[in-house]
Amino acid sequence: MTRVYLDRWGVPHLRAGDPHALVVAQGRVTAYDRAWQLEVERHRAVGTSASFLGAEAVGWDRFARQARLADTARRCHAALDPATAAWVGGYVDGVNAGLAAGAARAPEFAAVGLTPGRWEPWTPLAVWLSHHILFANVATKLWREHVAHRLGEPAMTLFAADAPATAGSNGWLVAGDRTASGAALLAGDPHRFIEDPGVYQQIRLACPEYDVVGLAVPGVPGIAHFGHTGGVAWAITNAMADYQDLYAERLRRRGRAVEAYGPDGWRPAAAHTETIEVAGADPVEVEVVETDRGPVVVGGPDAERAVSLRYPPRVRADLGFAALPALLHARTVADVDAAADRWVEPVNVLQAADTRGGLLHRAAGAVPVRHPANRLRVVPAWDAAHAWQGWYAPMPRADVDGCAVMANARGVATPLGVEFAPPYRADRIHALLTARRDWTAGAMAAVHTDTHLGSAEPLLARLARLGPLDPAAAALRDRLLRWDRRMAADSRDATAYALVRAALVRRLAVHPALAPLADPPPYPEVFHPWLALTPRIAYALEAVLRSGLLGDGGPEALLRAAVEEVAANAAIPRWGELHRLTPWRAVPEADAGPVPGLAGDHDCVLATSSVPGVTHDCARGPAARYVWDLADRTRSRWVVPFGASGVPGDRHHHDQTPAWLAGDLLPVTTDWDQLTEERDGH
């Protein structure tokens, strides 16, 4: 008999007689708590979200269809081993069994006139793929092409500066010789666009074979990224690896057929037309073309330019789902290591520790071996030199000496990537961890919430070297040089720095030297966030200032003007009054309440990211926080931005928000006697 228990925050703890019954229960409970979220993700994965979200969703739906996300998921599902396929099928059965009851609780369905659909056996794979298809550097390659075309080849990597990609995470492993208990601690926080409901679901999965607590992805069975079995725990961050390629294609029509020119000359390309239904607007037709390299995601046979996307799951018919049940069964670091060998998408840095003293720090996933140019830019489809030549193996790993940090910076995954996150977060975490040798799970909140902004130093050093300023600007400079470099929510000095930085970024964005980049290239709208000039400058500010493009004295003149602009405005609010959380909701809530102010900044350990020069609002930040204690799982801690329930009005919809905002971590309750059995609903 399957039983559902809830802790005081509504986190589901599932208990079943075998793994199949357990995964069915996971699907059913997720559908009950997250029906609206599941259906939004299902529609996004198959490119039908515009049918109820309207014209603003057409861009994504077009890309999902052209990139063949659903078809790739079907291929990957067809190639699963029978046991994994049956396990995934159990989850789907549970989702389908719970959707009607879950949808009845969710007001969004009525608001948009949506009726819950039916999940297919391959739907979880499609959801997983849609979450991660843009995790690699595809859009950045289009940006580099744009820079090379407008500013010349030498400038192609100007905006790199180890600039961050769409999403990342902090993660750290502290060995037993630095903890109070003598056993390892794993902690961190995945950084993603903050969505409501959240992208991670706290859950416990227990049966005679295993008992795992962790953070699941709604719509996907098991606990892929962050889990603790009692004997072993694991966590990941984005490795920032480069494993997707773009190919410039020559296409032509031959009657109704489409052909593509490759290394062996003209060859047939698969082509068909699909229709996107759009709520409140006319349907949109999309031509879907696939060459021997991959699906065409830019242009087409009648366009001036066509570009195809080659990505590992499409090539291998494998998303790595066999790793998911293997992780649940893991008892040691060696078991986690073996499961990680099956990982494909996305490429991650993985850390693990067990109660026997085992430690693990490695990269996991599928990275193709190919020409170095493939990793930088769009390459010609007709040149055989750019074909894939196999897979990078073995994946790199590193020893753990006291502590190990993964924060998207260069490190164990360096051979796999081109651009990484700046080192500020990683360096700061390492400095904090090595400052003491008595770490506990409860103490880790101080690391999660650290607001020191190391990336401010280069700009402040430039500010210190400026010549004479007018009195107001000189006073502002002195104030910033005395500032403690902390982006605290109640700090006006932090705001002053952010305002100067933003004013400087805006001036750079209209500078004649960079003006050729102001108009984005004619690529599909799904790539536009990566092709905007101002964010690129904001995230590579020091690299742009020292590039030489601005002329002698150019950086100093721009910085002087920025300081004078901010100094002329006497009103400088607290940072939390400007830096506010703006989560994405598929359908905005009519009464979502006040928007909370936040501490932190893009390069703080507390990575609450805005886009300097565009907005101080925060759309990306810690989508969860966790600490896994290997001495005693009950001392583990976690928190999410909102709550366990995705249903507006439910008492567990936003009940974790105060703790998340305060930087507090909630206990992981594993004693069944301290849980409440749920006999209705779930």
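The subject of this paragraph is the nonpolar core. Core analysis: the largest hydrophobic core is formed by 217 residues, its most contacted members being Phe159, Leu433, Met444 and Phe527. Apart from residues no more than four positions distant in its own chain, Phe159 is found in contact with Trp143, Val147, Leu514, Leu517, Leu533, Arg536, Ile537, Ala540 and Val544. Among the nonpolar cores identified, the runner-up in size contains seven residues, and Leu251, Ala269, Val289 and Val296 belong to it.

Here helix α15 (residues 471-482) crosses helix α20 (residues 554-567) at 100°, and the two axes come no closer than 8 Å. What the angle tells us is that α15 and α20 run roughly perpendicular. Contact with α15, carried on its side by Ala472, Ala473 and Leu476, involves Val563, Glu564, Val566 and Ala567 of α20 and no other residues of that element. Looking at the contact of α15 with α20 residue by residue, the class counts come to six nonpolar, no polar and one charged.

Our focus in this paragraph is the layout of surface pockets. Space inside the second largest pocket adds up to approximately 540 Å³. What lines the second largest pocket is a set of 25 residues, and nearest its centre among them are Val298, Gly299, Arg305, Pro522 and Tyr523. Of all the secondary-structure elements, those providing two or more residues to the lining of the second largest pocket are α3 (58-66), α8 (138-151), β13 (284-290) and β14 (296-298).

So, on to the pairing of strand β2 (residues 12-15). Across four bridges, strand β1 (residues 3-6) lies against β2 in antiparallel orientation. Bridged to Val4 within β2 is Leu14. Linking β1 to β2, which pair antiparallel, is a turn of five residues; within it Gly10 sits at a positive phi near 80°. Here three bridges tie β2 to strand β5 (residues 201-207), and the two strands are oriented parallel to one another. Residue pairing across strands places Leu14 opposite Leu205, the latter belonging to β5.

Another point: helix α7 (residues 123-132). Counted residue by residue, α7 has 10 buried out of 10 residues, so it is predominantly covered. Among the residues of α7, Thr123, Pro124, Leu125, Ala126, Val127, Trp128, Leu129, Ser130, His131 and His132 are the ones counted as buried. Here the buried face of α7 lies against α1 (19-46), α3, α4 (69-78), α5 (82-105), β4 (185-193) and α9 (312-316).

This part covers the sheet that holds β2. Read across the sheet, nine strands follow the order β17-β16-β8-β7-β6-β5-β2-β1-β25 without closing on themselves; strand pairing throughout is mixed. Lying at the two open borders of the sheet, with one neighbouring strand each, are β17 (359-364) and β25 (676-678). On average, adjacent strands in this sheet sit at an angle of 20° to one another, irrespective of strand direction. Alignment of strand β7 (residues 226-228) against strand β8 (residues 232-238), held across two bridges, turns out to be antiparallel. Bridging across to β8, His228 finds its partner in Ala233. Each of β1, β2, β5 and β6 (210-216) is contacted by α1, which is oriented at about 155° to β5, the strand it contacts most. Packing against the sheet, helix α11 (residues 333-340) makes contact with β8, β16 (348-354) and β17, and its axis sits at approximately 5° to β17.

Counted according to the given criterion, the structure contains 15 aromatic pairs. Here Phe226 and Tyr626 contribute two aromatic rings whose centre-to-centre distance is 4.9 Å and whose plane-to-plane angle is 40°, an arrangement assigned as tilted. Of the two residues, Phe226 sits in strand β7 while Tyr626 sits in strand β22 (residues 625-629), which places them 400 residues apart along the sequence. Phe226 gets classed as buried once you look at its relative accessible area, which sits at 1%. Given a relative accessible area of 0%, Tyr626 falls into the buried group. Taken together, the aromatic side chains of Tyr200, Phe226, Tyr626, Trp628 and Trp638 make up a single cluster linked through ring pairs. The ring of Trp122 carries Arg74 above its face, with NZ or CZ at 4.5 Å from the centroid.

Cut-offs used in this document
- Residues numbered from 1 in each chain as written.
- Predicted model: local features only at pLDDT ≥ 70, side-chain atom pairs only at ≥ 80, totals over all residues.
- Heavy atoms only, no water.
- Core = buried A, V, L, I, M, F, W, Y, C linked by side-chain atoms within 4.5 Å.
- Buried < 20%, exposed > 50% of the residue type's maximum accessible area, 1.4 Å probe, protein only.
- Contact = heavy atoms within 4.5 Å.
- Axes fitted to C-alpha atoms, helices over the stretch in contact; angles between N-to-C directions.
- Helix = DSSP H or I, 4+ residues; strand = E, 2+ residues; numbered from the N terminus.
- Parallel < 35°, antiparallel > 145°, perpendicular 65-115°, else oblique.
- Nonpolar A, V, L, I, M, F, W, Y, C, P; charged D, E, K, R; others polar.
- 1 Å grid on protein atoms, 1.4 Å probe; cavity = no way out; pocket = protein on both sides within 12 Å on 5 of 7 lines; lining within 4 Å.
- Points joined across faces, edges and corners; volume = space filled by probe spheres on them.
- Pairing = 2+ DSSP bridges.
- Phe/Tyr/Trp six-rings, centres within 6.5 Å; stacked < 30°, edge-to-face > 60°.
- Lys NZ or Arg CZ within 6 Å of the ring centre and 35° of its normal.

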